[in-house]
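Given next are the chains, with one letter for each unit.
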Amino acid sequence: MCLSSLPINSAEWVGLCGLRLQLLVDALRDLLLKEPVLHADETPVPMLAPGKKKTHRTYLWAYATTPYTELKAVVYDFSEGRGGHHARDFLGEWRGKLVCDDYGGYRQSFAGVTEIGCMAHARCKFVDLHVTEKSQIAEQAIDLIGQLYQIEREVKSLTAEERQRLRDTRARPIADTLYRWMLAHREKVPEGSAMAKAMDYSLKRWAALTRYLDDGRLPIDNNRIENLIRPRHRGAATGCSPAHCAAASIMSLIQSTKLNRHDPYAYLKDVMTRLPTQKNRAIDELLPHNWKPAIPDNA
């Protein structure tokens, strides 16, 4: 029977598609977990319980390769909570460098994983102060961090080795100046003030924030994954159903397809057609970064 003739609702369609595509998502996840550096982030999603008008909070997690890797991929995962064990369950035995925010769930759950901080989060603390209070001290911090970002724009297209060398000679002195500047001004600002909190955020996380200076494979911030996860949900999802979890799998393929500059519709249409007859040993040919449209027989 043709699938299009089946009387199923949209949630069931999502679940059916997700089930058929899960083989690809699993293969993509396996490749992702071979990378030495990953981004991670999570965002709340309101869940509407079936038959009820109230929502409760669930979470969508995202894991992605960095902008500097050959593999361009992101995999989403859905969970009922935000506990760090959800990330640990996804990453399994992976050991590497994880670019993430300062959420304690990551650090508490990871043994053998190195935390890489997000300089954008540190910058935002000072930007908020400058906007609300016109703080000149905050402006000085923003300027120094801006110099670090200017260097990142310049080294974006370089190799990891070249990037690390230029960071070491040009960015490290600026980072050292920023650190000494914060230490000096921290003694002058009132305890508990907004400025004290902004400086404490960076000072307490300084090792994680500046690890990118030692490794050209590392990004300066976690903006890549935040941009990939921020637009992904709209409104409240209904029920903790297989269709909802399947949607995360479909999103993984759609967004990975976009990262590889393919048209998601063309990709999914072609893959859904070829997948039933694709040999397991050749399944990687249908992953977004390897995909090539099938050539028509009459071409």
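That block above? That's the structure.
What comes next concerns the included structure. Keep in mind it's a predicted model, so treat the numbers as computed, not measured.

Basis of the calculations
- Residues numbered from 1 in each chain as written.
- Predicted model: local features only at pLDDT ≥ 70, side-chain atom pairs only at ≥ 80, totals over all residues.
- Heavy atoms only, no water.
- Phe/Tyr/Trp six-rings, centres within 6.5 Å; stacked < 30°, edge-to-face > 60°.
- Helix = DSSP H or I, 4+ residues; strand = E, 2+ residues; numbered from the N terminus.
- Buried < 20%, exposed > 50% of the residue type's maximum accessible area, 1.4 Å probe, protein only.
- Lys NZ or Arg CZ within 6 Å of the ring centre and 35° of its normal.

The subject of this paragraph is the packing of aromatic side chains. Enumeration according to the criterion identifies three aromatic pairs in this entry. With a centroid separation of 5.4 Å and 90 degrees between ring planes, the pair formed by Tyr 267 and Trp 291 is classed as edge-to-face. Taken together, the residues Tyr 267 in helix H11 (residues 264-274) and Trp 291 in the segment after H11 connect sequence positions 24 residues apart. You'll find Tyr 267 and Trp 291 in the same group, each marked buried. Arg 29 extends its terminal NZ or CZ atom over the ring of Phe 90, reaching a point 4.8 Å from the ring centre. Between the NZ or CZ atom of Lys 125 and the centre of the ring of Tyr 201, over which it lies, the distance is 4.7 Å.

Our next topic: unusual backbone geometry. The phi dihedral of Lys 134 is positive, around 55 degrees, even though this residue is not glycine. Relative to the assigned elements, Lys 134 resides in the loop between helix H4 (119-133) and helix H5 (136-155). A positive phi is found at Arg 261, a non-glycine position, where the angle reads about 65 degrees. Its place among the elements puts Arg 261 in the loop between helix H10 (242-259) and H11. Its relative accessible area of 79% is what places Arg 261 among the exposed residues.

Everything listed here is a matter of geometry and, on its own, says nothing about what the molecule does.
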